[in-house]
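Listed below are the residues making up each chain.
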Amino acid sequence: MTTQMFEGKGHAAIYQKYRFAPGKELQQTILGYLQEKNAIPAELVVDVGCGSGQGTHFLAEHFQKVVGTDISEAQIQEARDTSSMPNVSYLVCPAEELPFQDGSVGVLTSFTAAHWFDIGKFMREAERVVKPGGCVAISTYTVDMSLRYGHCSEQLTKVFREGWDQILKYSHNRIKYVLDNYKEIFEALPFPDKKRITDIYDKIPMTVEGVVGYVESASSYQTFMKNDPEAAKSLLRETEKRMLETMGVSSRETPVEFWVRHVCVLGCK
């Protein structure tokens, strides 16, 4: 069964506010593959582990009918509250028990969620629901992240990573799938035609507040909060303070470039 780490309403609200949509390079990688495999157009696209819907919104711009699914009722409620696209709907269900008929899904996606699933059961479910000729696109951003701002990018990245390293101590063991660049997930995909791309780099426009909020949205930070709330809050305050000092600015709304590396597993049935 899916490992449930994003259940609380408070966490879901933070997730909705600070998690970002798939970047342009990742979008182009996925769309390019789907076009190559003639999976566009698709009558039904399912986004599994959709959270508060950032990836689902991207899909809705390119497909006629998109369904986002997640095991968390709080995340789905956030997605429903923020969605304004008429071709999107959401369902609460486990990734391993999708309420779709055999061979009915043209494209199945998962953005930064598959490492929480029961991989074997999820792959069997993907094989069941994806139609012949249909495709999957399973991606995640990695811990390879950096910040760029003027001439202090290197020092700014150092400050960010020092804070990030503190919360990584509280990571769930399922983060191992991310650390191995989804190699195990790629190997588990039962489709004959598949590929894994590990070097997709995206620039995400953010602010200092957004970067700190992203840290707060991480499951490892939420675990840190449960274990030692004062230390966790202090880490966020200190990280933001050091970032602003390094940049020589006072406003947490100051724009900064947030660079992330994505891994993407693509397959065609």
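Residues numbered from 1 in each chain as written. Predicted model: local features only at pLDDT ≥ 70, side-chain atom pairs only at ≥ 80, totals over all residues. Heavy atoms only, no water.

The name an unreviewed UniProt entry gives the protein chain is TMT1 methyltransferase, with Sapayoa aenigma as the organism. Per UniProt, the comment on the protein chain under Sequence similarities (unreviewed entry) is "Belongs to the methyltransferase superfamily." (UniProt positions renumbered as here; feature names shortened; annotations may be inferred.)

1. Observations concerning the sheet that holds strand β6 (residues 193-207)
Taking strand neighbours across the sheet as the criterion, the seven strands line up as β3-β2-β1-β4-β5-β7-β6 in an open arrangement whose pairing is mixed. The open sheet has two edge strands, β3 (88-92) and β6, and neither has a second partner. On average, adjacent strands in this sheet sit at an angle of 20° to one another, irrespective of strand direction. The sheet contact formed by strand β1 (residues 45-48) and strand β2 (residues 66-70) spans four bridges and is parallel. Following the sheet pairing, V48 is matched in β2 by T69. (Pairing = 2+ DSSP bridges. Helix = DSSP H or I, 4+ residues; strand = E, 2+ residues; numbered from the N terminus. Axes fitted to C-alpha atoms, helices over the stretch in contact; angles between N-to-C directions.)

2. Some thoughts on the side chain of T254
By secondary structure assignment, the location of T254 is in the loop between α11 (229-247) and β7 (255-268). You can call T254 buried: its relative accessible area is 11%. From its side chain, T254 meets the backbone oxygen of S251 in a polar contact 2.6 Å long. When sequence neighbours within four positions are dropped, the list of residues in contact with T254 reads Y149, M206, T207, V208, M247 and V249. (Buried < 20%, exposed > 50% of the residue type's maximum accessible area, 1.4 Å probe, protein only. Polar contact = N/O pair within 3.5 Å; in protein donor to acceptor, adjacent residues only side chain to side chain. Contact = heavy atoms within 4.5 Å.)

3. Notes on a nonpolar patch on the surface
Taken together, the side chains of V143, L168 and L179 define a hydrophobic patch exposed on the protein surface, amounting to about 230 Å² of accessible area. By secondary structure assignment, the location of L179 is in helix α7 (residues 176-179). (Patch = residues over 30% accessible without salt bridge, like charges linked within 9 Å, V, L, I, M, F, W, Y side chains within 5 Å. Areas by Shrake-Rupley, 256 points an atom, 1.4 Å probe, with all protein chains shown as cover. Salt bridge = Lys/Arg side-chain N within 4 Å of Asp/Glu carboxyl O.)

4. Regarding the pairing of β2
Among the five residues in β2, five count as buried, and that is most of the element. Burial of β2 is two-sided: the residues V66, G68 and D70 facing one way and the residues V67 and T69 facing the other way are all buried. Remark: the β1/helix α3 (residues 54-60)/β2 crossover connection has right-handed handedness. The pairing of β2 with β3 spans five bridges and is classified as parallel. Directly across from G68, in β3, lies its bridge partner Y90. (Right-handed = clockwise from strand over helix to strand, strands pointing away.)

5. With respect to the side chain of T142
With respect to the element layout, T142 can be found in strand β5 (residues 130-148). By relative accessible area, T142 is classed as buried at 4%. Looking at T142, its side chain comes within polar contact range of the main-chain nitrogen of D144, at 3.1 Å. Sequence-distant contacts of T142, defined by excluding residues within four places in its chain, comprise V178, N181, R261 and V263.

6. Examining unusual backbone geometry
Leaving glycine aside, a negative phi is the common case for residues, and trans is the common case for peptide bonds. I40 connects to P41 through a cis peptide bond whose omega is 0°. Relative to the assigned elements, P41 resides in the loop between α2 (24-36) and β1. The phi dihedral of N38 falls on the positive side, at around 60°, and the residue is not glycine. Among the secondary structure elements, N38 is positioned in the loop between α2 and β1.

7. Here we look at the nonpolar core
In this structure, V48, F100, L108, F122, I138, Y182 and I185 are the most contacted members of the largest nonpolar core, which totals 31 residues. Residue contributions to this core peak at four residues, all from helix α5 (residues 119-129). If we skip the residues at most four places from it in the chain, L108 touches V46, V48, L98, F122, A126, V129, V130, C135, V136 and A137. L156, V159, A232 and L244 belong to the second-largest nonpolar core, a separate cluster that totals 29 residues. (Core = buried A, V, L, I, M, F, W, Y, C linked by side-chain atoms within 4.5 Å.)

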